[in-house]
Amino acid sequence: MKPTMFSSLARQAGRLWALVLAAGLAVTMAGIGPADAHGEKSQAAFLRMRTLNWYDVKWSKTNVTVNEEYEITGKLHIMNAWPAAIEIPAQCFLNTGQPGAMAARLGVWVGGTFTPRSMKLEVGKTYAFRVLLKARRPGHWHTHVQLSVKTGGPIPGPGQYIDIKGNFSDYTDDVKLLNGTTVDIETYGISKIYMWHLFWIIVGGWWILYWFGKRGFIGRFAWVASGKAEEVITPQERMVGAITLVAVLLVVIVFYAMTVSGNPNTIPLQAGDFHNIQALENEVDSGPITLKYLNGTYKVPGRELVANFKITNNGKEPVRIGEFNTAGLRFLNPDVFTSKVEYPDYLLADRGLSLSDNSPIAPGETRDVAVSVQDARWDTERLSGLAYDVDSSFAGVLFFFSPSGARYPMEVSGAVIPTFMPV
Ligand SMILES: [Cu+2]
């Protein structure tokens with residue numbers, strides 16, 4: 001069939017449309033600015049409350065200069081309330097959640113073990129962690145510690161702003177190799193990396209342009225799919241394809257062999273999981289307290305969780321509830337925390353916890369206590385979403401304190417009934 005004026009016009013319009021789409025995509029990609037969001041808020045309330053409980057989290061410094069080291073330390077409790085929707089952390093990885101490579105991670109330790117790779121953590125246990133960082137790119141960066149769980153994704157802990165001063169060009173990252181020499185991995189082999197990227201971009205660009213000039217990929221695909229391969233593929237095109245294939249393979253084989261002979265002693269990237277990570281003793285659920293959750297409500301308009309517990313003190317000292325910690329948020333009882341607490345403000349409700357009876361629970365006493373956790377941060381951190389979950393449940397860790405300074409963290413969780421009317 002001879003091409004009519006209409007079909008040739010349609011082809012021109014199709015080409016123009018493809019060009020506009022490609023240009024549009026390129027422009028939007030160029031327009032992406034640096035992300036400055038708290039990604040943790042976008043995760044469901046039940047996920048953040050019921051998977052991990054981060055506490056005693058400290059950032060050793062918040063003002064550093066380029067090349068300065070700082071660390072994030074704390075404790076990580078793997079909640080018994082772990083939801084069925086997420087796979088348990090049998091394979092997980094402790095990392096930082098930060099806007100790009102603004103710091104180098106020099107090392108990470110969980111339970112005292114150096115864990116640069118994945119590890120197995122157990123539900124119900126509590127682990128100490130430490131992440132050692134080195135300031136790289138100047139700026140004002142929100143930095144979290146986070147645990148990436150296989151199939152579950154990253155679960156961030158509390159975040160803190162780190163201010164990095166100085167010049168990016170001063171940054172170095174010296175690493176001692178097994179052969180005794182030291183290299184700066186910030187710049188090691190960088191010119192080769194640029195050269196190879198540029199080389200393959202040119203080759204790839206030429207390949208795409210060549211076929212665009214031959215009716216494009218989709219047009220040709222349609223011809224081949226409708227059984228007209230012999231009509232559309234010319235002998236010259238077959239020759240170009242074959243030569244390109246051989247040339248690409250040759251380049252890869254020859255330069256790979258040259259690189260290997262230039263670096264005879266290499267070890268592969270290390271893989272495999274760490275097991276038997278040591279958990280902390282005398283942390284969550286180890287104190288002389290027994291606790292039974294009775295029932296609770298969550299008032300959506302009042303941003304208030306009220307949880308009723310039957311609490312028995314089996315210890316020798318009276319105890320008081322001083323804090324409720326969930327999803328990185330800390331709700332404090334101002335009667336117990338009388339001095340200022342160092343913690344990121346957006347996560348600290350320093351008057352957020354109150355009790356139906358604030359007097360200490362005496363040794364041997366069993367008491368019904370209503371714990372009210374009220375603060376606007378339920379909303380700003382989007383934990384009020386628990387009211388809309390298929391199983392409206394809360395979870396977290398309650399901290400009990402004795403006069404001698406002992407602290408007993410206890411995991412609590414349970415279903416709550418949401419109230420939507422102002423009361
Ligand atoms: Cu953040």
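About the cut-offs
- Residues numbered from 1 in each chain as written.
- Predicted model: local features only at pLDDT ≥ 70, side-chain atom pairs only at ≥ 80, totals over all residues.
- Pairing = 2+ DSSP bridges.
- Helix = DSSP H or I, 4+ residues; strand = E, 2+ residues; numbered from the N terminus.
- Domains from an automatic or database assignment.
- Axes fitted to C-alpha atoms, helices over the stretch in contact; angles between N-to-C directions.

A closer look at the sheet that holds strand β6 (residues 113-114)
Taking strand neighbours across the sheet as the criterion, the five strands line up as β1-β3-β7-β5-β6 in an open arrangement whose pairing is antiparallel. Looking along the sheet, the strands with just one partner apiece sit at the ends: β1 (52-59) and β6. Two elements, strand β3 (residues 69-78) and strand β7 (residues 126-135), share nine bridges in a ladder whose sense is antiparallel. Residue pairing in the sheet places Ile-72 in a bridge with Val-131 of β7.

A short note on the domain arrangement of the chain
Considered domain by domain, the chain is made up of domain 1 (39-168), domain 2 (179-266) and domain 3 (289-419). Each of domain 2 and domain 3 has a C-alpha centre, and these two points are 60 Å apart.

Some words on the pairing of strand β18 (residues 366-374)
Pairing of strand β13 (residues 304-313) with β18, which is carried by nine bridges, proceeds in the antiparallel orientation. Bridged to Leu-305 within β18 is Val-373. Bridge analysis of strand β17 (residues 353-355) against β18 gives three bridges, and the strand direction is antiparallel. If you follow Ser-354 over to β18, its bridge partner there is Ser-372.

Section: the sheet that holds strand β2 (residues 63-65)
On the basis of which strands lie adjacent, the open sheet formed by four strands has the order β2-β9-β8-β4 and mixed pairing. Looking at the sheet topology across the chains shown, the edges are occupied by β2 and β4 (92-97). Here the average twist between neighbouring strands, direction ignored, is 35°. Bridge analysis of strand β8 (residues 139-149) against strand β9 (residues 153-165) gives 10 bridges, and the strand direction is antiparallel.

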